[in-house]
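Inside the fold
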Amino acid sequence: MPGNKAVAYGVKLSRVEGISLFPITPQTTIVEYLADFIANGELEAEYIHAEGEHTAMGVAIGLSLAGVRTFTATNSQGLAYMHECVAQAPAYRTPLLMAIANRTLGWFWSIQPDYSDVMPELNLGWVIQFVESNQECLDTVIQLYKIAEDKRVMLPAMLCLDGFYLSYSNERVEIPDQGEVDDFLPPYEPEHSVDPTLRDFGPAAGLPPPLHTTYRRIYEEILHDAKAVIKEVDEEFGRRFGRSYGGLIEEYRCDDVDTLLVTMGSMTTAARRAIDRLQGEGRRIGLVKVKTLRPFPIEEFRALAERVDAIGVVDRMMLHGTGGGGLFADLKSALYSLEERPLLVDFIAGMGGDDISTMDFVEMGERVLKTAERGRVEREVEYVEHPYQPTARIIPLKEKRVIYPGSGGCTGCGASIIIRHVLDVLGPNTVIVDPPNCAGVNYASVVGVPWILANYAATAGYQTGFYRAYKLKGKADKVHVVSFAGDGGTVDIGLQALSGAAERGESIIWICYDNEAYMNTGIQRSGSTPLFARTTTTPAGKVWRGKGERPKNVPLIMAAHGIPYVATASIAFIPDLRRKVKRAAEITSAGKGLAYIHIQAPCPTGWYYPPEKTVEVARLAVLTGAWPLIEIEEGRVKINVKPKKLRPIKEYLRLQGRFRHLTDEQIEEIQRWVNESWESWLKLEEMGKLPWYK
Amino acid sequence: MSREEPPFGIKGLVLRGGPLGGGGVSGGMYVGDWKIFSPKIDYERCTKCWLCVTYCPEAALSKGERGPELDPRFCKGCGICGNECPVEAIEMVRE
């Protein structure tokens, strides 16, 4: 099974009671597997779809403070976004577990692994372990709950598994017996949970300055003492289950060696083969795997250092401005106080998922051996670089366009039809500011206008900055600052900044292409997913029957800001769509405020229908009332397409696999919801003008 | 690779047609080998309503003298053109 599934099994075997999540590649399948377990009655747990990682960690802290065994998972940009809450968790003594399927942190984006994402979180007081194999993923989840919940520790823990190398790669994994895991890991019984029915206190958040230093000392002592617990738990796990990982560090063929290579995570397996090869040639070099990065195994490394002449550190983590890597810096400072220190060299390798091969490790090993022979360090830090082969398949065209043909999008993509018409209407003086989504991945490389990747929750902030700068330069009426956000970037994680921009009256255009789930990360539920739709985080199983909630009415939320223009649109009504985009451009060019257009983007991949049906599905959404075409200009509501009689919702639902599991009762309830929503719009239209508009 | 050499250096930082940032490209993306079915256009039947051109997600169809012209290099074979054609002038045929 893949590493993410092994983590999910570990969570299930640990009988976790609360799970909070927000999807991000390559972590997402962990929480998808967990959703499957819960949907099929194999695990009983609260499962909370947060609308962003910041919230996900908030939910996790709340769950843990209130006294339940808690799990969450993230990585990279998501981990960075939750940073503030990550810093709060240890102070509150919440023994929750977070799995990090490591992925590089932008900087330049990639979904492939290095440890730059976990680097800013290292020194906040969490217990942090790295794993090498999928079996170790599963075993470490169980071990970490035991460590974190130990009365001597009571701190949150992170499990780091390399994205892709482990998260999506299959290996044989033995699933331990539930009864044996229950014996090893008893139910979590916190002594100090926040519960007014039991006790009248909660944890302190603020401290007077004189106590800060004292508390820092105490936390550091707890973390130091946690090392004994980590070793104890690993040994006990080894006795019971026959697998042990060294606790803090694992030595591999370190007897009678003069030199060492130090590695972390999945790269260790290739390094083992390199060590085998070098020792086979009679070279005296061993391998040390860092299992626990925090608390750092200082004493263990000092003891090792006394046995060798040179150590080479392989770092998938760069501390910019210090000249070297993170593990190297840790090791260097740990060994400084020794009277006789071995020579240290650092290899920066495997950044952004670049593969580190066995041959790379052999070369690194040879350099460490050479350093020991010479008795001095020639180059302290070396970079293991590989040549790059471009793979783009761009066919040059003579004429200049705002958007070129072809794209990386799925066959029959609805969003593709939208972006082509939007850009065609807006023309070349357009800046697309785009939160991460399918469109960014697929269309950024075929547009003839600037396409700026914005950090998810800050998209409207980026737009505000662009708009105000053009205003200063006297160009605000000539340049369109446009988002092309998905439903996640609009109705969930992006809503806060969008609301701020609307209230400030920024004259920007917000296009939401709504494919009604997080399609780019693999079809997870969003705040815009319709009632009872099946997604990978709201599967249909024995217990769950798709998404249980109705979607947010974001057009009306935007209208509540009193902005000059709000509209919905459909790819089945292109003239209407183009007219709305043009109107939005006129309004924002006149500096009247934010224009918001919400466009349904049918997605053959995520809605499970044949690609040729994209426009047909969109048309049925309008004709059944599932996607009303409305326009609110200066508060006047207008329904643009008003069929004499709405077609039954069944006609729309039956085309799509995401609704295949529906029972007749569920279909009736969807019909009720659609009717209610349609009647609400009719009433709003009758009002003439929404009363809060001037 | 040196710091002067593209794609590095200050010029290289302005990625053109990159995977997530972009702009400034001057061509289309070759996706012609994705398709299993290809649109076959019956120009006798075609009424030049241009719905196929309007809906083509890849801009592989353009307005021509006799009707829609297909650039197979950009067609993924989704079949939306054939599904939407009101006079059934487009048939999806296996390549």
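Presented here is a report on the structure given in the accompanying data block. Throughout, residues of each chain are indexed from 1 in the direction in which the sequence is written. Chains carry letters and ligands carry numbers; both start at the beginning, A for chains and 1 for ligands, and go up in the order they are written. Side-chain atom pairs in this predicted model are given and counted only at pLDDT of 80 or more, local residue features only at pLDDT of at least 70, and totals for whole chains, interfaces and linings cover all residues.

**Structural notes on the overall build of chain A**
The number of helices and strands found in chain A is 23 helices and 24 strands. Taken over C-alpha atoms, the radius of gyration is set against a globule rule of 2.2 Å times the number of residues to the power 0.38. Scaling as 2.2 N^0.38, a compact globule of 694 residues should have a C-alpha radius of gyration of about 26 Å, and chain A matches this with 28 Å. Taken along its principal axes, the extent of the C-alpha atoms in chain A is 85 × 65 × 55 Å. Counting all 694 residues of chain A, 55% fall into the buried class. Once C-beta atoms have been placed from the backbone, residue pairs whose C-beta atoms lie within 7 Å are recorded as contacts. Sequence-distant contacts, at least 24 apart, represent 76% of the contacts inside chain A between residues at least 6 apart. Helix and strand assignments come from DSSP, with helices taken as H or I runs of at least 4 residues and strands as E runs of at least 2, each series counted from the N terminus. Exposure is read from a count of other C-beta atoms within 10 Å of each residue's own; the residue is exposed at 12 or fewer, buried at 20 or more and partly exposed in between. C-beta atoms are placed from the backbone.

**Quick notes on the overall build of chain B**
The secondary structure content of chain B amounts to three helices and five strands. The order of helices and strands in chain B, counted from the N terminus, is α-β-β-α-β-β-α-β. Counting every position in chain B, which comprises 95 residues, the buried fraction comes to 36%. Once local pairs closer than 6 in sequence are excluded, the contacts in chain B between residues at least 24 apart make up 62%.

**Concerning the interface of chain A and chain B**
Contact residues are listed per partner, giving 38 residues for chain A and 33 residues for chain B. Those elements that place two or more of their residues in the side of chain A that touches chain B are strand 16 (394–396), helix 13 (414–426), helix 14 (438–443), strand 18 (451–453) and helix 21 (614–623) of chain A. Among the residues forming the side of chain A that touches chain B, the class breakdown is 22 nonpolar, eleven polar and five charged. Pairing between strand 16 of chain A and strand 1 (residues 27–29) of chain B: three bridges, direction antiparallel. Of the residues in strand 1 of chain B, the one forming a bridge with A:Ile394 is B:Met29. By the convention adopted, Pro, Cys, Tyr, Trp, Phe, Met, Ile, Leu, Val and Ala count as nonpolar, Lys, Arg, Asp and Glu as charged, and the other residues, Gly among them, as polar. Two strands form a pair only when DSSP identifies at least two bridges running between them.

**Focus: unusual backbone geometry**
Between A:Thr25 and the following residue, A:Pro26, the backbone shows a cis peptide bond with an omega angle of 0°. The topology assignment puts A:Pro26 in the loop between strand 1 (18–21) and helix 2 (28–39). Residue A:Arg294 is joined to A:Pro295 through a cis peptide bond whose omega torsion reads -5°. In this structure, A:Pro295 sits in the loop between strand 10 (292–294) and helix 10 (298–305). Not every positive phi belongs to a glycine, and A:Met154 is a case in point at roughly 50°. Along the chain, A:Met154 turns up in the loop between helix 6 (134–148) and strand 6 (157–162). Under the C-beta neighbour-count criterion, A:Met154 is labelled partly exposed, with 18 such atoms within 10 Å. Look at B:Lys48: it is not a glycine, yet its phi comes out positive at around 55°. Among the secondary structure elements, B:Lys48 is positioned in the loop between strand 2 (37–41) and helix 2 (51–55).

**A word on the sheet that holds strand 19 (residues 480–485) of chain A**
All names here are of chain A. With respect to topology, eight strands assemble into an open sheet ordered 18-17-19-20-22-21-23-24, the strand pairing being mixed. In this open sheet, the two strands that pair with only one neighbour each are strand 18 and strand 24 (636–639). Neighbour to neighbour, the strand axes of the sheet diverge by 20° on average, direction disregarded. Its contacts with the sheet put helix 19 (residues 574–589) on strand 19, strand 20 (509–514), strand 21 (565–570), strand 22 (595–600) and strand 23 (630–633), and the angle it makes with strand 21 is roughly 160°. Lines fitted to C-alpha atoms define the axes, with helix axes restricted to the stretch in contact, and inter-axis angles between N-to-C directions lie between 0 and 180 degrees.

**Here's the deal with the nonpolar core**
The tendency in soluble globular proteins is for nonpolar side chains to be buried as a group. With 236 residues, the main nonpolar core has A:Leu34, A:Leu159 and A:Leu261 as its most contacted residues. The contacts of A:Leu34, once residues within four sequence positions are left out, are A:Ala8, A:Val11, A:Ile19 and A:Leu43. To count as a nonpolar core, a set of buried Ala, Val, Leu, Ile, Met, Phe, Trp, Tyr and Cys residues must be joined through C-beta atoms within 7 Å.

**Observations concerning the sheet that holds strand 14 (residues 343–348) of chain A**
All names here are of chain A. Within the open sheet, the six strands sit side by side as 7-9-8-11-14-15. Their pairing is mixed. Either end of the sheet is taken by a strand with one partner, and the two such strands are strand 7 (249–252) and strand 15 (381–383). Neighbouring strand axes in the sheet, compared pairwise and without regard to direction, differ in orientation by 20° on average.

**A short note on the environment of A:Val637**
All names here are of chain A. With respect to the helices and strands, the residue Val637 is situated in strand 24. Residue class for Val637 comes out buried when judged on the 22 C-beta atoms lying within 10 Å of it. For the pair formed by Val637 and Ala533, sequence separation is 104 residues and the distance between their alpha carbons is 28 Å. When near neighbours in sequence (up to four residues on either side) are disregarded, Val637 contacts Ile630, Ile632, Leu684, Glu685 and Leu690.

**So, the packing of helix 13 of chain A against helix 19 of chain A**
All names here are of chain A. It is the contact of helix 13 with helix 19, at a shortest axis distance of 9 Å, that shows an interaxial angle of 45°. When the axes of helix 13 and helix 19 are compared, the pair comes out oblique. For the pair helix 13 and helix 19, the sense of crossing is right-handed. Along its contact with helix 13, which presents His421, Val422, Val425 and Leu426, the element helix 19 presents Ile574, Leu577, Arg578, Val581, Lys582 and Ala585. For the contact of helix 13 with helix 19, the per-class residue count stands at seven nonpolar, one polar and two charged. In this scheme, roughly parallel covers angles under 35 degrees and roughly antiparallel covers those over 145, while 65 to 115 is roughly perpendicular and the rest are oblique. Each crossing gets its hand from how the near helix is turned against the far one by less than a right angle, where anticlockwise is left-handed and clockwise is right-handed.

**Overview of the environment of A:Leu577**
Residues and elements named next belong to chain A. Among the structural elements, Leu577 can be located in helix 19. Sequence-wise, Leu577 and Ile599 are 22 residues apart; in three dimensions their C-alpha atoms are separated by 8.2 Å. Beyond its immediate sequence surroundings of up to four residues, Leu577 is in contact with His421, Ala569, Ser570, Ile571 and Ile599.

**Description of the environment of A:Tyr383**
Residues and elements named next belong to chain A. With respect to the helices, strands and loops of the structure, Tyr383 is situated in strand 15. Residue Tyr383 is classed as exposed on the basis of its 11 C-beta neighbours within 10 Å. Placed 69 residues apart in sequence, Tyr383 and Val314 show a C-alpha to C-alpha distance of 9.8 Å.

**Some points on the pairing of strand 23 of chain A**
All names here are of chain A. When strand 21 meets strand 23, the two strands line up antiparallel, connected through three bridges. Bridging across to strand 23, Val566 finds its partner in Ile632. Here strand 23 pairs with strand 24 via four bridges, running antiparallel. Counterpart to Ile632 in the pairing with strand 24 is Val637. Connecting strand 23 to the antiparallel partner strand 24 that follows it, the hairpin turn spans two residues, and Glu634 within it adopts a positive phi of roughly 45°.

**A word on helix 2 of chain A**
Residue and element names in this part refer to chain A. To estimate how far a helix should reach, multiply one less than its number of residues by 1.5 Å. For helix 2, built from twelve residues, the straight-helix expectation of 16 Å at 1.5 Å per residue is met to within 8% by its first-to-last C-alpha distance of 16 Å. Judged by how many residues are buried, helix 2 sits mostly within the fold: eleven of twelve residues are covered. Burial in helix 2 covers these residues: Thr28, Thr29, Ile30, Val31, Glu32, Tyr33, Leu34, Ala35, Phe37, Ile38 and Ala39. Close packing links the buried residues of helix 2 with helix 1 (3–13), strand 1, strand 2 (46–49), strand 3 (70–74) and strand 4 (97–102). Downstream of helix 2 by one or two residues, Gly41 has phi in the positive range, about 75°.

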